[in-house]
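Understanding the architecture of this molecule
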Amino acid sequence: GTHSDITERKRVEEELQSSRSLLLAITEGTTDAVYAKDIRGRYLIANSSVARFVGKSQAEIIGQDDRALFSEADADQIMAGDRRVMDRGQTLTYEEFLTLADGLHTFLAIKGPMRDASGEVIGLIGVARDITDRKKYEEMLLKAKEAAEEATRAKSEFLANMSHEIRTPMNAVIGTTCLLQCESLTPEQREYAETIRTSGEALL
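Figured I'd write up the structure that's included with this text. (Residues numbered from 1 in each chain as written. Predicted model: local features only at pLDDT ≥ 70, side-chain atom pairs only at ≥ 80, totals over all residues. Heavy atoms only, no water.)

The next subject is the nonpolar core. Ranked by internal contacts, the top residues of the largest apolar core, which has 19 residues, are Tyr43, Val50, Ile61 and Phe70. Elements with a minimum of two residues in this core: β1 (33-38), β2 (43-46), α2 (48-54), α4 (72-88), β3 (92-100) and β5 (121-130). For this core, the element with the highest residue contribution is α2, accounting for four residues. Not counting chain neighbours up to four residues away, the residues in contact with Phe70 comprise Tyr43, Val54, Ala75, Ile78, Leu98 and Leu100. (Core = buried A, V, L, I, M, F, W, Y, C linked by side-chain atoms within 4.5 Å. Buried < 20%, exposed > 50% of the residue type's maximum accessible area, 1.4 Å probe, protein only. Helix = DSSP H or I, 4+ residues; strand = E, 2+ residues; numbered from the N terminus. Contact = heavy atoms within 4.5 Å.)

Encoded structure:
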């Protein structure tokens with residue numbers, strides 16, 4: 001009986017160790033911040049990316065809530081989002097804006113409820129990706145697009161103005177040439193007048 005009990009215990013321990021190793025491989029195999037929190041917002045798991053973003057060791061993060069890691073405004077933002085996830089009991093994706101050591105960062109956060117065996121929400125699991133560079137690139141593209149659209153509008157306005165400025169005197173040139181052709185002209189003068197008229201109409 002003792003031998004059987006030890007064997008079963010060893011089997012369970014090996015399964016737990018295997019699960020821990022798999023969990024570690026998943027959480028540490030990404031540059032995204034991966035974490036889990038209990039119902040009170042205290043960190044249960046925080047991978048090395050979380051530690052890098054926060055500027056603390058993983059051991060210092062575990063057991064703490066966001067008030068101990070971020071500014072009051074940032075912590076309030078994070079915890080309000082966490083509360084929405086746990087209250088609704090559904091996965092939410094949204095942007096979070098956090099002030100880190102090197103300035104303001106934008107994160108794409110995906111958070112889902114963590115449940116116990118009975119289905120009760122007991123915390124959350126989250127993944128956050130730093131999209132600061134992507135947002136800056138998108139802003140740069142937007143500014144370039146707006147600049148191109150403004151240049152197109154300016155070009156169109158310029159062409160419209162130029163068309164009007166050319167059309168008015170050109171109509172006068174063509175009209176006066178037609179009147180001139182009604183006069184007694186030599187064949188050579190008539191040819192010159194016709195050249196003026198046809199050239200004016202082509203330009204018009």
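We now examine the pairing of β1. For β1, the tally of buried residues reaches six of six residues, placing the bulk of the element in the interior. On β1, burial covers both faces: Ala33, Tyr35 and Lys37 on one face and Val34, Ala36 and Asp38 on the other are all buried. For β1 and β5, the ladder comprises six bridges, and the chain directions are antiparallel. Bridge pairing links Tyr35 to Gly126 in β5. Bridge count for β1 against β2 is three bridges, and the pairing is antiparallel. (Pairing = 2+ DSSP bridges.)

On to the sheet that holds β2. With antiparallel pairing, the five strands of this open sheet are ordered in space as β2-β1-β5-β4-β3. Of all the strands in the sheet, the pair left with one neighbour each is β2 and β3. Taken pair by pair, the neighbouring strands of this sheet meet at an average axis angle of 25°, ignoring direction. Where α4 meets the sheet, its contacts fall on β1, β3, β4 (103-115) and β5, and the angle it forms with β3 comes to roughly 165°. Against the sheet, helix α5 (residues 132-181) makes contact with β3, β4 and β5, and its axis sits at roughly 125° relative to β4, the strand it touches most. (Axes fitted to C-alpha atoms, helices over the stretch in contact; angles between N-to-C directions.)

Attention shifts here to the pattern of salt bridges. For the coordinates displayed, the defined rule picks out 14 salt bridges. The salt bridge partner of Asp87 is Arg83, with a shortest N-O separation of 3.5 Å. Placement of the pair is Asp87 and Arg83 together in helix α4, with a separation of four residues, close to one helical turn. Judged by its relative accessible area of 55%, Asp87 falls in the exposed class. Here Glu150 ties to Arg153 by a salt bridge, and the two come within 2.6 Å at their closest N and O atoms. Here the residue Glu150 and the residue Arg153 both occupy positions in helix α5, the gap between them amounting to three residues, near one helical turn. Among the charged side chains, a network of salt bridges with common partners joins Lys37, Asp66, Asp82, Glu96 and Lys111. (Salt bridge = Lys/Arg side-chain N within 4 Å of Asp/Glu carboxyl O.)

In a regular helix each residue adds 1.5 Å, so 17 residues correspond to 24 Å; α4 covers 24 Å between its end C-alpha atoms and thus fits that length. Restricting attention to buried positions, one finds in α4 the residues Asp74, Ala75, Ile78, Met79, Gly81, Asp82, Val85 and Met86. Buried residues of α4, seen end-on, are gathered within an arc of 155° and therefore sit on one face of the element. The outward face of α4, more than 90 degrees from its buried face, is lined by the exposed residues Glu72, Ala73, Asp87 and Arg88. Of the residues trailing α4, Gly89 is marked for its positive phi of about 70°. (Expected span 1.5 Å × (residues − 1). Arc of directions from axis to C-beta.)

The next thing to look at is the packing of aromatic side chains. For the coordinates displayed, the defined rule picks out two aromatic pairs. Centroid distance Tyr35 to Tyr43: 5.9 Å. Interplanar angle 65°. Geometry classified as edge-to-face. Of the two residues examined, Tyr35 and Tyr43, each falls in the buried class. Both rings, one in Phe53 and one in Phe107, keep their centres 5.0 Å apart while their planes meet at 75°; by these two values the pair is edge-to-face. (Phe/Tyr/Trp six-rings, centres within 6.5 Å; stacked < 30°, edge-to-face > 60°.)

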